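Summary of the model geometry
For reference, the chains in residue letters:
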Amino acid sequence: MQVSVIIPVYNAAKYVRSAVESALAQPETAEVILIEDNSPDDSLQVCELLASEYDLVRLYRHPDGGNHGAGASRNLGIRMSRFPYIAFLDADDYFLPERFTVPRQIFAERADVDGVYEAISTVFESEELRQQWIAGGNTRFAAPPGSPEWMDTFTQRVEPEDLFEAYVTGRYGSFSTIGLTVRREIFDKAGLFDERLRLHQDKAMWIKMAAKARLVPGRLDTPVSMRRVHQANRLSPYWPPKPELVKTRTLMWRTLWPWGRKNLTRKQQGLILNAYMAQVMQPYRGELSLRRNLRVFWRLMRLAAEHPTVMSLPEFWKTVIQQLRVRRLIVQKIAFWRRWRAA
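What you see is a predicted model, and the numbers here were worked out from it, not measured in a lab.

1. Quick word on the pairing of strand 8 (residues 180–183)
Successive residues of a regular strand alternate their side chains across the two faces of the sheet. Of the two faces of strand 8, the one lined by L180 and V182 and the one lined by T181 and R183 are each fully buried. Note: strand 4 (residues 85–88) against strand 8, 3 bridges, orientation antiparallel. Within the sheet, the bridge partner assigned to A87 lies in strand 8 and is T181. Where strand 6 (residues 115–117) and strand 8 come together, 3 bridges link them in antiparallel fashion. By the bridge assignment, G115 is partnered in strand 8 with V182.

Structure below.
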């Protein structure tokens, strides 16, 4: 098994050597492709040094030398890759030993499998940063380091036919970029990363893969890679701010909807639409008032105006009817309160 490990590099001069050497430590790694994305720090110089030190390391930049984001960088790495299997690694994360042992066995035994997803875990650069995450609402990191609560994984094994629904709904958890190994041909089925998305382009890709290809679980109870959380990365609890996070997640579902109309079954389209509407209404979750109800209606009507095809699915009208019932209940309560005050 020969794997091309693709590493987008942006502002990661401090960590990229650790990432590269963790990939080179895997016997299955046939090449490490670094895509330097116009970093403001010394990442380019570190990448050039690594490419000169190791024969298996190849360095590329975007043709215009600009910054294009992780999605575009991964796409460039895919186009430049030369081997049958692909794995992704972020420049500030690292692989654990025997990273590809289970995928190698699965691919050897099952020709119908397009990809294998496995568990990853989290390491914080400092205890202070971990406490900041806990204070910011990431309560799962309140567990002792190394416990299952620290892992991104599925809590049970899901058949490929059921993976799309499980992933979109989040019913059994999720899997991460650095825990996935795929055949190169999978991108002929699912397409490349959506370069319009600066965030969540990886999740959008896994949704497409789950719909169009056959992904199976590997190790779900033991991490194969480590995600590093530090003050400078995009996993910081201070960035993006919550309104911006809502905006970028909504954009992800907005880009997935037209794709889903062309590529998904009616049932799968309904799942995408439910997730899309839930994200649209997310800012007003937990608030029960007439004002909130009107805002939700406004957002649903905007959604229908932007994508009239949503009105062809019963899931849209179920949500509208539900909001009408909520509005009726609120109006009744207001009327009752006014009568009680008058009495």
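2. Details of the pattern of salt bridges
Tallied over the entire structure, the rule returns 17 salt bridges. Its salt-bridge partner being R61, residue E36 comes within 3.0 Å of it at the nearest N-O pair. Here R61 lies in strand 3 (residues 57–61) and E36 lies in strand 2 (residues 29–36), a separation of 25 residues in the sequence. Classification of E36 as buried rests on a relative accessible area of 1%. For R61, a relative accessible area of 35% puts it in the partly exposed group. Here R219 makes a salt bridge to E118, at a shortest N to O gap of 3.0 Å. Of this pair, R219 sits in the loop between strand 9 (215–217) and strand 10 (225–229) while E118 sits in the loop between strand 6 and strand 7 (120–124); the two residues are 101 residues apart in sequence, bridging distant segments of the chain. On the basis of relative accessibility, which here comes to 1%, the residue E118 falls in the buried class. Salt bridges here are not isolated pairs; linked through shared partners, they connect R110, D112, E161 and R214.

3. Points about unusual backbone geometry
Despite not being glycine, E98 has its phi angle at roughly 60°, a positive value. Even without being glycine, H200 reaches a positive phi, approximately 65°. Structurally, the position occupied by H200 is in the loop between helix 7 (186–190) and helix 8 (201–212).

4. Concerning the side chain of S81
Note on placement: S81 falls in the loop between helix 3 (69–80) and strand 4. The exposure class of S81 is buried, given its relative accessible area of 6%. A distance of 2.7 Å separates a polar side-chain atom of S81 from the backbone oxygen of I78. Within the structure, S81 has its side chain in polar contact with the side chain of R184 (distance 2.8 Å).

Thresholds, definitions, all that
- Residues numbered from 1 in each chain as written.
- Predicted model: local features only at pLDDT ≥ 70, side-chain atom pairs only at ≥ 80, totals over all residues.
- Heavy atoms only, no water.
- Buried < 20%, exposed > 50% of the residue type's maximum accessible area, 1.4 Å probe, protein only.
- Helix = DSSP H or I, 4+ residues; strand = E, 2+ residues; numbered from the N terminus.
- Pairing = 2+ DSSP bridges.
- Salt bridge = Lys/Arg side-chain N within 4 Å of Asp/Glu carboxyl O.
- Polar contact = N/O pair within 3.5 Å; in protein donor to acceptor, adjacent residues only side chain to side chain.

All quantities given are derived from atomic positions and should not be read as evidence of function.
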